[in-house]
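Listed below are the residues making up each chain.
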Amino acid sequence: MILLRLALASVWSRKGSALLTIMAIAVSVFVLMAVEQVRLQAKNSFGNTVSGIDLIVGARTGDINLLLYSVFRIGHATNNVSWQSYQQFASNPQVAWTIPIALGDSHKGFPVVGTNSNYFTHFNYGNKKPLSFSQGKPFNSTYDVVLGSEVARKLGYPIGHSLELAHGMASTSFSKHTGSPFKTVGILSSTGTPVDQALYVPLAAIDAIHAGWQQGAATPTNRKPEEHKHEHEHEHEHEHEHEDLNGDVSLSAYMVGLKSKLATFTLQRTINNYPEEPLSAILPGVTLSQLWQLMATMENTLRVISLLVLLAAEFGLAAMLLASIRERNREITVLRAIGAPPWLVLLLIQAEAFIITTLGCLLGLALLSAVLAVAAPILADHYGLLISANLLTPTTVILLGLIIASVFIVAFIPSFAAYRQATLKQF
């Protein structure tokens, strides 16, 4: 305790330079912890987006591209999958269930997903957590719509709200599906995944609102609003939607759940070699690993930069302490005069380095926590990334321990200089 009090008094006597050093360490800790926090939680967020899906099937394209547009709603499909090929594989004896996905429409910038009731039954996220409803229920009729939690929160739509869809993914679209309003029947619970950022309608609705459309625009033969209204008054129940779809419907992708995991690679090979049309079948977990391998170079670069920033701050601390040794000749003389051994002087300098580093780390963590508290909603809104402001994780503790240990090593230079100066003073 005496040593700690002496170190605190010594740091306070040089509070100007000590404060600048504390701020330098705080910035370096902020950068290092921010990189690690965002990297780990973004990876967990991506990894938890989908689970329990054995295969994702789409038109022939790259594995990562298929994963991005089918799960994360990033990018676009190179082509669509015909309804006939989907039905053929959906009826395969090895297939337990399928989730069809039709993309291409939007509402106020949010993607619209055409699917069926299997989406709410079999789509899982995290550690096989099923989707649930905070309000309402799944769609049951052609012009029902289910909202993701973020869509409902941002737009403020309650159950029963009427809305229209737009063709394309732009936030402002001049190709709207007028005359066919949808009724909000359900709002999903928050998942922290792209599920929260979309609207969900039956495939029959996608088929109906695009009847007569060619190349993204309505043709003169498109059904009139009155016909849509008439159809809306005589909606079919959702369980019969397959019978309502015409032969021109196509899918962006579909997800597959198998009765046995042993059939995964066999069915994947069959789909990839399908002679009727070029298809790709991917394993979501494997493709997610490929995605993070591509990002490994960027991750490592950011980590190296943050470590160099930290190292520069630590050397700045060592330089500050070393420069102070020459000014502390009287202090060291007094310590030696009252019987302090040279090793105590060495420990005093190390204690000062520990105090400055600890204060810098605490300040850096406080700044990072405040920034994450502000940035977390923005990252969730725009990128679907769920980043927690809680920094009390094992990784954080380990990094802080390594930082303090490295400071003791770097601070040994000025500590040893003080030790040598103390040994020259004999009493």
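Conventions we followed
- Residues numbered from 1 in each chain as written.
- Predicted model: local features only at pLDDT ≥ 70, side-chain atom pairs only at ≥ 80, totals over all residues.
- Heavy atoms only, no water.
- Helix = DSSP H or I, 4+ residues; strand = E, 2+ residues; numbered from the N terminus.
- Polar contact = N/O pair within 3.5 Å; in protein donor to acceptor, adjacent residues only side chain to side chain.
- Expected span 1.5 Å × (residues − 1).
- Buried < 20%, exposed > 50% of the residue type's maximum accessible area, 1.4 Å probe, protein only.
- Arc of directions from axis to C-beta.
- Core = buried A, V, L, I, M, F, W, Y, C linked by side-chain atoms within 4.5 Å.
- Contact = heavy atoms within 4.5 Å.
- Salt bridge = Lys/Arg side-chain N within 4 Å of Asp/Glu carboxyl O.
- Pairing = 2+ DSSP bridges.
- Phe/Tyr/Trp six-rings, centres within 6.5 Å; stacked < 30°, edge-to-face > 60°.
- Lys NZ or Arg CZ within 6 Å of the ring centre and 35° of its normal.
- Lys, Arg positive; Asp, Glu negative; His and termini not counted.

Assignment of secondary structure puts Ser324 in helix α12 (residues 296-327). Each C-alpha atom of the pair Ser324 and Ala418 lies 9.6 Å from the other, and the pair is 94 residues apart in sequence. A distance of 2.6 Å separates a polar side-chain atom of Ser324 from the backbone oxygen of Leu321.

Let's shift gears to helix α15 (residues 394-410). When the terminal C-alpha atoms of α15 are compared, their 24 Å separation across 17 residues agrees well with the 24 Å that a helix rising 1.5 Å per residue should span. Where α15 is concerned, the buried positions are Thr396, Leu399, Leu400, Ile403, Ser406, Val407 and Val410. Each buried residue of α15 sits inside an arc of 130° when the element is viewed along its axis, so together they form one side. Among the exposed residues of α15, those oriented more than 90 degrees off its buried face are Pro394, Val397, Ile398, Leu402 and Ile409.

Core analysis: the biggest nonpolar cluster contains 39 residues, and Leu147 and Phe182 have the highest contact counts within it. Take this core: its biggest share by element is 5 residues, from helix α7 (residues 203-209). With residues near it in sequence (within four places) discarded, Phe182 still touches Thr142, Tyr143, Asp144, Val145, His161, Ser162, Leu163, Leu165, Val201, Ala205 and Ile209. Counting residues in hydrophobic clusters, the runner-up holds 38 residues, among them Ile25, Met320, Ala340 and Leu365.

The next point concerns the pattern of salt bridges. Close approach of charged atoms lets side chains of opposite charge pair. Taken as a whole, this structure holds 5 salt bridges when the rule is applied. Here Glu352 and Arg14 are joined by a salt bridge, their closest N and O atoms 3.7 Å apart. Highlighted residues: Glu352 in helix α14 (residues 342-383) and Arg14 in the loop between α1 (2-13) and α2 (15-47), separated in sequence by 338 residues. You'll find Glu352 and Arg14 in the same group, each marked buried.

Now for the pairing of strand β11 (residues 182-188). Burial runs high along β11: 6 of the 7 residues are buried. Strand direction decides the pairing type here: strand β7 (residues 133-136) and β11, joined by 3 bridges, are antiparallel. Each residue of the ladder has a partner; that of Gln135, found in β11, is Ile187. Across 4 bridges, strand β8 (residues 144-147) lies against β11 in parallel orientation. The partner of Leu147 across the bridge, within β11, is Ile187. Two strands pair when backbone bridges link them, and strand β9 (residues 162-163) and β11 are joined in this way by 2 bridges, in the antiparallel orientation. Each bridged residue has a counterpart across the sheet, and for Ser162 the counterpart in β11 is Lys183.

The subject of this paragraph is the packing of aromatic side chains. The final tally for this structure, using the stated rule, is 13 aromatic pairs. Summarising the aromatic geometry, the rings of Phe120 and Phe139 are spaced 5.1 Å apart at their centres and angled 70° between planes, so their arrangement reads as edge-to-face. Of this pair, Phe120 sits in helix α5 (residues 118-122) while Phe139 sits in the loop between β7 and β8, placing them 19 residues apart in sequence. These aromatic residues form a ring-pair network of at least three members: Tyr119, Phe120, Phe123, Phe133, Phe139 and Tyr200. In this structure, Lys15 packs its charged tip against the face of Trp12, placed 5.0 Å from the ring centre.

Mapped onto the fold, Ala253 is located in strand β16 (residues 253-258). A residue is classified by how much of its surface remains accessible, and Ala253, at 0% relative accessible area, is buried. Each C-alpha atom, one on Ala253 and one on Leu66, is 8.1 Å from the other, the two residues being 187 residues apart in sequence. Among residues more than four places away in sequence, those in contact with Ala253 are Val57, Gly58, Leu66, Tyr69, Ser70, Ile99, Pro100 and Ile101.

Relative to the elements of secondary structure, Asp144 occurs in strand β8. Among buried charged residues, Asp144 stands out as having no salt bridge; its nearest opposite-charge side chain is Lys183, 6.4 Å away. At a separation of 2.9 Å, a polar atom in the side chain of Asp144 contacts the main-chain amide nitrogen of Ser141. When neighbours within four sequence positions are excluded, Asp144 is seen to be in contact with Phe139, Phe182, Lys183, Val185, Tyr200, Val201 and Pro202.

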